[in-house]
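Structural features, examined
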Amino acid sequence: MSSASLNEVRLIGNLGRDPESKPAPNGTSKVSISLATAYHGRDGDPITTWHRVVFWGVVGERAQRLMRKGASVFISGRLDTRRYKDDGGTERWITEVVGEHFQMLGSRPADAPPQDDGGGDAGAEGATQGQGLEDDDIPF
């Protein structure tokens, strides 16, 4: 008897801060972002959920170059739960999205670098231009 499983995450949201880059112990680049998604609850009030997303290697390097606070982005990847010890030595668990692909949505923020031409890396599709975001559209 076989059991099927699927670990897939797809999110569209806005960055809460600029990407943060840290070298991993193995030398691979690791880039983290905070992504806000919003929906309306049963009472109609908006609810914002924050997601920690990490990108590794070449995809992370592209995310570092293209993403800026407030930008709208589509991300696909998988959930990963890991444990670590905090500064006090207490064991903790964290669940995060490991981003495998991303696509920038809408127009880029004024202080963002020029858009990448999208060539070469299948892990992060080229950016597209679309409708601009209004201040009221950003959930933070």
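Up top you'll find the structure we're talking about.
Residues numbered from 1 in each chain as written. Predicted model: local features only at pLDDT ≥ 70, side-chain atom pairs only at ≥ 80, totals over all residues. Heavy atoms only, no water.

Brief notes about the overall build of the protein chain
What counts, and what does not: A run of H or I in DSSP becomes a helix once it reaches four residues, and a run of E becomes a strand once it reaches two; helices and strands are each numbered from the N terminus. Any residue under 20% of the maximum accessible area for its type is buried, any over 50% is exposed, and the rest in between are partly exposed; the area is computed with a 1.4 Å probe on protein chains only. Between two residues, a contact is recorded if the distance between any of their heavy atoms is within 4.5 Å. The protein chains shown are the only cover counted for residues, whose accessible areas, like all others here, come from Shrake-Rupley with a 1.4 Å probe.
Of the regular secondary structure elements, the protein chain holds one helix and six strands. What you see in the protein chain, going N to C, is helices and strands ordered as β-β-β-β-α-β-β. Counting every position in the protein chain, which comprises 140 residues, the buried fraction comes to 36%. A sequence separation of at least 24 residues applies to 57% of the contacts in the protein chain between residues at least 6 apart. Summed over its atoms, the accessible surface of the protein chain is roughly 8,900 Å², and 47% of this surface lies on carbon and sulfur atoms.

A short note on the packing of aromatic side chains
Selection rule: Within 6.5 Å between ring centres, the rings of Phe, Tyr and Trp (the latter by its six-membered ring) count as paired, and their orientation is classed by plane angle as stacked under 30 degrees, edge-to-face over 60, tilted in between.
By the definition in use, this model includes one aromatic pair. Each ring, one from phenylalanine 55 and one from phenylalanine 102, has its centre 5.7 Å from the other, and the planes form 65°; the classification is edge-to-face. In this pair, phenylalanine 55 sits in strand E4 (residues 46-56) while phenylalanine 102 sits in strand E6 (residues 91-105), placing the two residues 47 residues apart along the sequence. The buried category is assigned to phenylalanine 102, whose relative accessible area is 0%.

Focus on the pattern of salt bridges
Two side chains with opposite charge may pair up if their charged atoms get near one another. Spelled out, the test is: For salt bridges, the criterion is a side-chain nitrogen of Lys or Arg within 4 Å of an Asp or Glu carboxyl oxygen.
Counted according to the given criterion, the structure contains six salt bridges. The salt bridge partner of arginine 17 is glutamate 20, with a shortest N-O separation of 3.7 Å. Residues arginine 52 and glutamate 96 are paired through a salt bridge, measuring 2.7 Å at the closest nitrogen-oxygen approach. With arginine 52 in strand E4 and glutamate 96 in strand E6, this pair connects stretches of sequence that are 44 residues apart. Classification of arginine 52 by relative accessible area gives partly exposed; the value is 31%. Residue classification places glutamate 96 among the buried positions, given a relative accessible area of 3%. In the salt-bridge network here, residues are joined through shared partners; they are Arg52, Arg82 and Glu96.

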